[in-house]
Amino acid sequence: MIKDWIFGLVRYRGKMLAAAAFGVALAVSLLAVLGLFVAQSSSTMTARAISAVAPDWQVQLVGTVDPEQALAAINETVPVTALQVVDYADVKAFTTHATGTVQTTGTGKVVGITSDYARAFPRQIRLLAGSLDGVLVAQQTAANLHANPGDMIEIDRLADTPIAVKVAGVIEMPNADQFFQIIGATPQVALVAPPDNVVLIPEEQWRQAFGAQLESMPQTASRQLHTSFNHVSLPSNPVDAFVNVTGFANSLLAKLAGEGVIANNLAARLDGVRQDSLFARVLFLFLGVPGAVVAILLTMLIVISGNDRRRHDISLLQLRGATSTRTLVLTGLEAALVGLTGAAMGVVAAWLIADRLMELPAGLAQSGWFLAAAGCGVLAALCVFLVPALLSLRRTAGQNAQQSLPVADSDPAWKRLGLDFALLVIAGLVFWQSSATGYNVVAAPEGVATASVDYKAYIAPAFLWIGSALLLMRCWSLFMKWGRAALSLALHPLAGIFTGVVVAAMRRDEGRITKGVVLVALAVSFAVSTAIFNTTYEHQSIVDATLTNGADVTVTGSLKVPASAALARIKALPGVAWAEPMQHRFTYVGNDLQDLYGINADSISRASEMSNAYFQNGDANATLALMRKQRDGVLVSDETVSDFQLKLGDTLNLRLQAGPDGTYQVVPFTFIGVVREFPTAPRDSFLVANADYISEKTGISPAEVVLVKSTIPPLELAASLRTALPKSEGLVVTDIGEATHRIGSSLVAVDLHNLTRLELLFAIPIVAGALGLVFTLGVSERRKTFAILLALGASARQLGAFLWSEALLIYVAGMLAGFGLGAALAWVLVKLMTQVFDPPPESLYVPWAYLGLLALVGLVAVAMSVLLQLRKPTEPLSFSVRNL
């Protein structure tokens with residue numbers, strides 16, 4: 001019997017089963033590929049984060065503990081790839097004697113390193129001039145002392161007489177915050193700026209000069225072991241990798257037995273990434289699950305369209321004495337056939353999309369995602385088929401034999417309870433609370449080595465989606481019931497003399513048409529919200545990278561080797577749209593050394609986008625105009641304003657290097673505004689002023705930085721610039737792609753290009769399927785209307801007018817509602833993610849071309865459905881009348 005039942009289903013209902021299986025396949029393939037994207041994003045962020053950390057650990061020994069025991073413990077704990085001893089000592093000052101003048105700094109640090117350190121940890125030291133072999137002076141220290149390779153520097157030691165050393169090179173320390181961090185202190189104490197004055201000397205020379213200080217004054221000197229180890233064994237998931245690295249560090253601490261403390265740089269980096277990686281899960285929930293839900297709703301629509309026949313089958317089984325269990329088994333076979341077929345199709349489609357279109361790993365290691373998605377598809381199919389079957393088994397065979405079941409006159413429970421209004425109110429309250437307090441993607445107790453997404457904030461968009469769908473259903477039902485005049489007016493151009501019949505038929509089929517409009521709206525809202533959010537996200541990732549790098553391509557020099565000296569050569573290269581010099585000086589605000597950027601307010605925006613979010617007043621153009629008007633105006637960062645209690649209009653006296661001898665002189669500025677972020681600037685304390693005013697007051701006009709706007713791929717222009725500006729000149733060229741890689745583990749750096757292509761690829765068949773199926777599956781309900789029209793002598797053209805009227809009504813109403821709901825969902829999601837973006841987006845970015853394509857695809861789907869029905873042979877009038 002089971003074999004005959006399956007054979008009969010395939011033979012007589014094959015098309016319906018295939019359509020239902022296609023809906024399941026859509027959901028399964030979408031979930032599977034999105035799962036692969038989540039895994040790949042986490043793995044990519046982990047790999048990028050790990051590659052950017054060096055050293056992984058800074059192990060600070062207690063006092064004069066012999067490092068040999070600690071070295072052995074480290075080698076026993078992890079597979080070491082680089083291990084260096086680094087010594088630190090505080091000093092009173094550095095002094096130089098040149099051209100009859102004496103230059104002296106404040107307190108500083110002298111660091112002892114081996115000759116191999118720069119090769120072991122190349123990210124820590126970047127040579128600007130001279131050689132790495134010998135004494136190295138940090139860039140700002142060299143500027144303060146007017147020191148160049150070959151000059152002598154006097155080091156004023158704390159516990160002994162001064163010593164003199166000869167400068168071999170001038171360097172930059174990109175990770176100075178990490179290199180000079182306070183190890184073992186509380187986070188509040190550890191957040192201090194690196195020393196202003198730094199000199200690095202060979203390790204042996206350091207031990208001779210500062211060994212006694214390490215023994216007698218351990219509070220002013222320390223010894224660290226900088227360690228990196230092999231990361232191959234670390235899990236690709238950042239949460240698991242964080243737990244592993246933390247466990248390794250704890251194991252080492254136990255072996256050191258109180259003789260050392262660890263700055264776990266790798267764990268700190270992974271701590272941020274484990275939170276960031278959960279953003280991919282957020283994307284999965286927001287951008288993927290709605291699409292899968294709509295695909296399942298399409299399957300439900302297909303199944304529901306055959307409910308009358310299915311109830312008739314159950315009635316026959318009941319009359320022949322079939323038990324409820326046997327009936328459920330036979331219905332379950334139909335569900336399993338649809339579910340398993342759809343799951344298999346979806347898995348194959350997901351594998352092809354992942355492997356061929358998105359280049360995602362889709363091997364045995366990722367099989368869990370395929371199995372989970374397939375399981376969801378099969379489960380959904382079982383629910384869609386078995387729930388109506390269970391309801392039918394509660395009725396008698398006679399009731400199930402009726403062509404359609406009587407419908408209760410009362411409204412459904414959700415309408416009577418006002419569930420739609422309740423959901424929208426809750427969504428509004430949750431959104432208000434989350435946006436007011438500042439939503440955090442991750443909820444993790446302090447000190448706990450795990451993290452989880454704070455899902456409660458996602459009640460807002462979820463309830464907004466569901467509540468809006470129910471509200472649309474309520475409003476459309478009311479319109480179909482009370483809006484006869486408006487409906488007649490809208491349909492008269494198509495229906496003509498049959499307008500009254502068409503409107504009456506539509507009102508009779510109010511339930512089906514209302515569900516169709518809502519389903520189309522949900523499908524369109526999925527596509528629209530995905531498109532708008534992804535476009536906004538991708539635009540902000542470019543803004544974020546531009547903020548980090550400064551422009552498409554940036555050329556960086558120093559006061560001694562200014563990038564502006566090469567401005568003519570830069571402008572002459574093909575692909576350069578604009579080259580903008582920008583000063584990057586250092587100034588003392590009180591006793592705090594801060595970055596100062598000198599710009600040309602008239603042209604800075606031609607090289608780098610000036611986002612409104614950079615400035616507290618939210619208006620970049622107004623701020624730049626104010627700078628042009630106030631020549632001595634200065635923009636000050638939030639932190640500096642707070643630290644020094646500044647008010648607009650205050651005179652701010654800054655100490656800047658001036659004149660040929662580079663001595664610090666006081667230059668007055670007028671505080672005219674607050675700057676929150678600026679291209680290439682640090683996140684904490686900095687200032688922005690007019691370059692011409694700085695040049696006039698200091699007598700130093702060169703610009704250390706040149707921002708370059710490119711008309712060709714930045715990577716290509718950067719390569720041309722590196723050829724034109726050899727590294728031996730002391731200039732460094734970076735492009736926006738490098739900046740993206742540097743922030744590659746941050747939330748905004750998640751590459752949504754593939755995800756966007758995937759979701760928009762799925763959105764088109766989902767929208768087309770919704771529009772096509774909603775209309776096509778109503779053919780059985782139209783038989784009575786067609787019979788009446790045929791009896792009245794209607795022609796094929798007049799029947800077509802009837803079909804076009806209904807089709808276009810569903811299309812227009814569903815599209816308009818879907819576009820509105822999708823835009824609202826995208827806006828809510830972007831607002832919730834405001835803290836993720838750096839800087840936050842100024843507005844939503846709408847991909848009009850894609851949305852136009854979506855509308856066109858929907859129109860084509862509707863037209864094809866109508867034309868296919870018009871091509872079907874018209875049933876004989878006697879048969880149509882017999883079905884009345």
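Trainee: Pulling in residues and values, what's your account of the overall build of the protein?
Mentor: On a plain count of helices and strands, the protein comes out with 32 helices and 22 strands. For the protein, the proportion of its 884 residues judged to be buried stands at 51%.

Trainee: Mind laying out the pattern of salt bridges, listing which residues take part and the relevant values?
Mentor: If the charged atoms of two oppositely charged side chains come close together, the side chains can form a pair. Summed over all chains, the structure comprises 15 salt bridges. In this structure, the salt-bridge partner of Arg-157 is Asp-160, at a minimum N-O distance of 3.7 Å. Residue Arg-157 is classed as buried on the basis of its relative accessible area of 8%. Here Arg-676 ties to Asp-638 by a salt bridge, and the two come within 3.7 Å at their closest N and O atoms. Of this pair, Arg-676 sits in the loop between strand S19 (663–675) and strand S20 (686–690) while Asp-638 sits in helix H24 (residues 638–644), placing them 38 residues apart in sequence.

Trainee: Got a sec to walk through the side chain of Gln-657? Specific residues and values, please.
Mentor: When you line up the elements, Gln-657 lands in strand S18 (residues 651–658). Reaching out from Gln-657, the side chain makes a polar contact with the backbone oxygen of Ala-143 at a distance of 2.7 Å. Not counting chain neighbours up to four residues away, the residues in contact with Gln-657 comprise Ala-143, Asn-144, His-146, Leu-559, Gly-662, Thr-663, Tyr-664, Thr-698 and Ile-700.

Trainee: Could you give an account of the pairing of strand S4 (residues 108–113), naming the residues involved and the relevant values?
Mentor: S4 sits mainly inside the fold: 5 of its 6 residues count as buried. Relative to S4, strand S2 (residues 80–98) is paired through 5 bridges, and the arrangement is antiparallel. Its bridge partner lying in S4, Tyr-88 is registered against Val-111. The sheet contact formed by S4 and strand S9 (residues 198–202) spans 5 bridges and is parallel. Across the sheet, the residue bridging to Gly-112 is Ile-201, located in S9.

Trainee: Break down a negative patch on the surface for me, citing the residues and quoting the values.
Mentor: Together, Asp-177, Asp-592, Glu-639, Asp-643 and Asp-684 give the surface a local cluster of negative charge. Along the polypeptide, Asp-684 turns up in the loop between S19 and S20. With relative accessibility at 41%, the residue Asp-684 sits in the partly exposed group.

Trainee: Outline the packing of helix H18 (residues 484–495) against helix H19 (residues 499–508), supporting the account with residue identities and numerical values.
Mentor: Where H18 contacts H19, the axes come no closer than 9 Å and their chain directions differ by 125°. The orientation of H18 with respect to H19, classified from their angle, is oblique. Taken as a pair, H18 and H19 cross one another with a handedness that is right-handed. On H19, the residues touching Arg-484, Leu-487, Ser-488, Leu-491, His-492 and Ala-495 of H18 are Thr-499, Gly-500, Val-502, Val-503, Met-506 and Arg-507. Considering only residue class, the contact of H18 with H19 consists of 6 nonpolar, 4 polar and 2 charged.

Definitions and cut-offs
- Position labels on residues start from 1 in each chain and follow its written sequence.
- Since the coordinates come from a predicted model, pLDDT governs what is reported: local features require at least 70, and pairs of side-chain atoms require 80 or more to be given and counted, while whole-chain, interface and lining totals use all residues.
- As a rule here, side-chain values cover all heavy atoms of the structure and leave hydrogens and water aside.
- Helix and strand assignments come from DSSP, with helices taken as H or I runs of at least 4 residues and strands as E runs of at least 2, each series counted from the N terminus.
- Burial classes: relative accessible area under 20% of the type maximum marks a residue as buried, over 50% as exposed, and values in between as partly exposed (1.4 Å probe, protein chains only).
- Here a salt bridge means any side-chain nitrogen of Lys or Arg lying within 4 Å of a carboxyl oxygen belonging to Asp or Glu.
- Polar contacts, as used here, are pairs of N or O atoms within 3.5 Å; protein pairs need one atom able to donate a hydrogen and one able to accept it. Residues neighboring in sequence count only if both atoms are side-chain atoms.
- By definition, residues are in contact when any of their heavy atoms lie within 4.5 Å.
- Think of it this way: DSSP has to see at least two bridges between two strands before they count as a pair.
- Patch criteria: residues need more than 30% relative accessible area and no salt bridge. Like-charged residues are merged within 9 Å; nonpolar side chains of Val, Leu, Ile, Met, Phe, Trp and Tyr are merged within 5 Å.
- The protein chains shown are the only cover counted for residues, whose accessible areas, like all others here, come from Shrake-Rupley with a 1.4 Å probe.
- Note on charges: Lys and Arg go in the positive column, Asp and Glu in the negative column, and His and the chain ends are not counted at all.
- The atom standing in for a charge is NZ when the residue is Lys, CZ when it is Arg, CG when it is Asp and CD when it is Glu.
- All axes here are fitted lines through C-alpha atoms, helices being fitted over the stretch that makes contact, and every angle between N-to-C directions spans 0 to 180 degrees.
- Oblique is the label for every angle not falling under 35 degrees (roughly parallel), over 145 degrees (roughly antiparallel), or within 65 to 115 degrees (roughly perpendicular).
- In this scheme the crossing of two helices becomes right-handed for a clockwise turn of the near helix relative to the far one and left-handed for an anticlockwise turn of less than a right angle.
- Here the nonpolar group is Ala, Val, Leu, Ile, Met, Phe, Trp, Tyr, Cys and Pro; Asp, Glu, Lys and Arg are the charged ones; every other residue, Gly included, is treated as polar.

Everything listed is a geometric property; what it means functionally is a separate question.
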